[in-house]
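# Coordinate analysis (summary)
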Amino acid sequence: MATCSLTGARRILLHRWVRQLGDSVQGPQLMDLPGNWQKAKEFFTKPALSYGQYKQQCVSLRIFAFSGICGGCVLSLAMFPPKSSYWITWSPLYWLSYAKQCFTGAAPPLFLEKQHGAQVAALLRPETQAPAPSDTDVSTVAVAPAPAATTTATSAASASPCSVASSASATVLAAPAKPRVVFVLGGPGAGKGTQCAKICDAYPQWQHISAGDCLRAERQDPNSKDGELINSYIKDGKIVPVQITVRLLHKAMQKGQKEGKTDFLIDGFPRNWDNVNGWEEVIGDSAEVMGVLFFEASLAEMEKRLLGRSVTSGRVDDNLESIRKRFATYEKETKPILEKYQKEHKVFKIDAMQSVDFVWAHTQTKLREVVPCQQV
Ligand SMILES: Nc1ncnc2c1ncn2[C@@H]1O[C@H](COP(=O)(O)OP(=O)(O)O)[C@@H](O)[C@H]1O
Ligand SMILES: O=c1ccn([C@@H]2O[C@H](COP(=O)(O)OP(=O)(O)O)[C@@H](O)[C@H]2O)c(=O)[nH]1
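These numbers come from a predicted model, not from an experiment. (Residues numbered from 1 in each chain as written. Chains lettered and ligands numbered in written order. Predicted model: local features only at pLDDT ≥ 70, side-chain atom pairs only at ≥ 80, totals over all residues. Heavy atoms only, no water.)

## Topic: the UniProt feature "binding site: a ribonucleoside 5'-phosphate" (unreviewed entry) in the protein chain
- Within this numbering scheme, the UniProt entry marks R216, K238, I239, V240, G268, F269, P270, R271, R315 and R326 as carrying the feature "binding site: a ribonucleoside 5'-phosphate" (unreviewed entry).
- Tracing the backbone through its elements, the reader meets R271 in the loop between β5 (263-267) and α11 (273-282).
- Assessed through its relative accessible area of 29%, R271 is described here as partly exposed.
- Beyond its immediate sequence surroundings of up to four residues, R271 is in contact with I239, E333, T334 and I337.
- A polar atom in the side chain of R271 sits 2.7 Å from the backbone oxygen of G268.
- Within the element layout of this structure, R315 appears in the loop between α12 (299-313) and α13 (320-343).
- Assessed through its relative accessible area of 22%, R315 is described here as partly exposed.
- Sequence-distant contacts of R315, defined by excluding residues within four places in its chain, comprise R216, R309 and R326. (UniProt positions renumbered as here; feature names shortened; annotations may be inferred. Helix = DSSP H or I, 4+ residues; strand = E, 2+ residues; numbered from the N terminus. Buried < 20%, exposed > 50% of the residue type's maximum accessible area, 1.4 Å probe, protein only. Contact = heavy atoms within 4.5 Å. Polar contact = N/O pair within 3.5 Å; in protein donor to acceptor, adjacent residues only side chain to side chain.)

## Remarks on the site of ligand 1
- Taken together, 13 residues lie around ligand 1, and K192, G193, T194, R309 and Q354 are the ones closest in.
- With respect to ligand 1, the backbone of G191 contributes an N or O atom lying 3.0 Å from an oxygen atom.
- In the complex, the protein chains occlude 74% of the 560 Å² of accessible area that ligand 1 would expose alone.
- Elements with a contribution of two residues or more to the shell around ligand 1: α7 (192-202), α12 and α14 (356-370).
- Here the element with the most residues in the shell around ligand 1 is α7; it accounts for three residues.
- Here the residues of the shell around ligand 1 sort into three nonpolar, seven polar and three charged. (Near = heavy atom within 4 Å. Areas by Shrake-Rupley, 256 points an atom, 1.4 Å probe, with all protein chains shown as cover. Nonpolar A, V, L, I, M, F, W, Y, C, P; charged D, E, K, R; others polar.)

Structural data, given as structure tokens:
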């Protein structure tokens, strides 16, 4: 009995002591947000008369300050994401499209679908490495030895299309057997040229060949018999006959190979089925088409960018009338081409609606997927 009353007295004393410390605040429950909001506002409007009241105001204010700071951090991360390719690959913004790719079959295959070979003897003696053999060379003339491919692998039978071998003492890097090609597609003004230029600035083995630039250069050549025809097609936003385009691309690749380039970004090609067939006939197996980088942007955004570009580009087709015609051609003729490459798991989509830097970070990530063995 005595012990019991002692415990009771101790409890009362302890309670008073705690109250004096201000720990036993009385006010709304944690989840009573309107009540807490009221108290939090009083922190600024109604000075507390006791420490208990002051503490309650602080406790209520803390709830909103905490969620405000966390919410602000999350929002700023979403609006100004870090410029890291890791973030861009794994950002929640892309989860939906990755999940979609699993079902639409647009994701790259997990396992190799065809055999890749390598000349082991040549790989083990890089110092005597001969120029690429003529049957795998896009050009018909001798080609300078290309710069080494830029990554390592554990065996010559690596899954990557690079010719890479590893010996006990050192890893030997060699140029790819065939020139590698990545087609760069997307609507007019999506930013293809901008990103291609960045790739070539960063990685010297790449050469940017814009089909449109080749055609415009040919049009300027006074000796060209196709100049007038090219001009009228470009003005009308129509696709120039493939014999002309593919001949110019072939020539540009040959030139690039002589300069030691091994990887080619073919920008704005193929734009229709004729282009696909023309490429197969002329280039065919002499180059390895690694995939398609596809820059995706809305028509409204592309129109805005093209009108912006028209101020300085001096292009006959950067005006509203030609732009609309180019959009129509793109929707009708170029988009269906993507389906072909999609079925082959070769399309690598990039959200081109973001800033140039953001798109660039994403482009590098995708390029690593298209050409896995290069250092990007
Ligand atoms: N991500 C971007 N955001 C805003 N403007 C861009 C972006 N990428 C490119 N641009 C601008 O849009 C215009 C078209 O870009 P360009 O690379 O020439 O497109 P394409 O080669 O696809 O026709 C250029 O004026 C370029 O500076
Ligand atoms: O393979 C090609 C590439 C371009 N063009 C023509 O060149 C124009 C400009 O193409 P470019 O790729 O330079 O510009 P974009 O339309 O992508 O801004 C196109 O509208 C077409 O008329 C073509 O006929 N075949």
